[in-house]
Amino acid sequence: MEILDLGLIDHQEAETIQLERLNSIIAGDGEDALYLLEHPPVVTLGRQGGLDNLMVSEEQLFAMGAKVVQTARGGNITCHYPGQLVVYPVVRIEKRRGGIKKFFHDMEETAISTAARFGVKAARAEGRPGVWTDSGKLCSIGIGVRKWITYHGLSFNISRDMSLFDAITLCGLKGAQPTSLSVEAGRDIDTQEVKDVFKQEFRRIFENTPVAQG
C-alpha cells in the first residue's frame, strides 16, 4: 500500500485524486493507497442527505470562508477544516475477510488506538457511527465503495478550534457535540504527529486482517 501525505488540499481536488487511483485499481494497474490530508473549511453532505441539518444559509457559510459539497460517501452532514486529520483509504476489500463491515470496524479501531497513543480514551457508541469520548464525537466515518474498492474515509478532530461545527447538526444527530484530541488530552497536539501515529496504527491493524484465499 502506498501512503501519501497531500497536505492542505481542496476537497474536490482530493476527490479527483481518489477517483483516479480507484479507476487505476479497477483497470488493474494501480496499488492500494492511503491519503492523509487536511481540507480548507468545507461542509460535506453524504448519500443520506444532510442539507436540512445545515444551521446557517449557504451565503452565511460562504462568509465564514466555507462552502457546501455533495459527496458519494455514506452518512449525513459533517465538516472539514485545517486542524482536522482527513484520511482517505482507496483499498480493495473484495478478498478481505468481513468485507465492508470489517473494513469500517477496522477504520474505527485505527482511530481508537491512535487516540489511545495520546492518552485519550475513545470508543464506539451503539447506534452512532464513528468514534466517541464521554465529551462528544472525536471522529466521523463515511465510506464509499465502487467495485469492492473503498474511497472517502474518516475525519479526526485534532485542534481545539471546532467552530465550523456550529454551522451544522453534527452528522444529523440532535444533541451530538464534537470534541477533539487536543481538547481531550488537555494540550495542543500537532496534526503531523497524529498522521505519523495513525499510519503506524493503520498498518498494524490492517496487516493483521486475513485475506480470503482462492
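Look above for the structure.
All values derive from a computational prediction rather than experimental measurement.

What counts and how
- Per-chain numbering applies: the sequence of each chain, read as written, is numbered from 1 onward.
- At least 70 in pLDDT is required for a residue's local features to be given in this predicted model, at least 80 for side-chain atom pairs to be given and counted, and no such filter applies to totals for whole chains, interfaces and linings, which use all residues.
- Excluded from the side-chain calculation are hydrogens and water; included are all heavy atoms of the structure.
- If DSSP finds at least two bridges between two strands, the strands pair.
- Each helix is a run of H or I in the DSSP string that is no shorter than four residues. Each strand is a run of E no shorter than two, and both are numbered from the N terminus.
- As a rule, the C-alpha atoms of each element are fitted with a line to give its axis, helices using only the stretch in contact, and angles between N-to-C directions run from 0 to 180 degrees.
- The contact definition used throughout considers only heavy atoms, calling two residues in contact when any of these lie within 4.5 Å.
- Here the aromatic set is Phe, Tyr and Trp, taking the six-membered ring for Trp, and pairing holds for ring centres within 6.5 Å; pairs whose planes are under 30 degrees apart are stacked, those over 60 apart are edge-to-face, and all others are tilted.
- Burial here depends on accessible area, computed with a 1.4 Å probe over protein chains only, as a share of the maximum for the residue type. Under 20% is buried, over 50% is exposed, and the range in between is partly exposed.

### Brief notes about the sheet that holds strand β9 (residues 137-146)
- If you trace the 7 strands from one edge of the open sheet to the other, you get β1-β2-β6-β10-β9-β8-β7, paired in mixed fashion. Sheet topology places β1 (2-8) and β7 (123-125) at the edges, where each strand pairs with a single neighbour. Averaged over all adjacent pairs, the angle separating strand axes in this sheet is 25°, with direction ignored.
- When strand β2 (residues 33-38) meets strand β6 (residues 84-90), the two strands line up antiparallel, connected through 5 bridges. In the sheet register, A33 faces β6, and the bridge partner there is V90.

### A few points about the environment of Y81
- For Y81, the position within the fold is in the loop between β5 (77-80) and β6.
- Sequence separation between Y81 and G98 is 17 residues; the distance between their C-alpha atoms is 32 Å.
- When sequence neighbours within four positions are dropped, the list of residues in contact with Y81 reads H39, P40, P41, N157, S159, D161, M162, L164 and F165.

### Thoughts on the packing of aromatic side chains
- For the structure shown, the criterion picks out 4 aromatic pairs.
- Ring geometry for Y81 against F165: centres 5.9 Å apart, planes inclined by 85°, an arrangement best described as edge-to-face. Separated by 84 residues along the polypeptide, Y81 in the loop between β5 and β6 and F165 in the loop between β10 (149-157) and α4 (181-185) bring together distant segments of the chain.
- When its relative accessible area of 5% is taken as the criterion, Y81 is described as buried.
- When the centroid spacing of 5.6 Å and the interplanar angle of 70° are considered together, the rings of F103 and F206 count as edge-to-face.

### Details of unusual backbone geometry
- Despite not being glycine, K147 shows a phi value in the positive range, around 50°.
- Note that K147 resides in the loop between β9 and β10.
- Located in the positive-phi region is H152, a residue other than glycine, with phi close to 60°.
- You can see H152 is positioned in strand β10.
- Here H152 falls in the buried class, since its relative accessible area comes to 2%.

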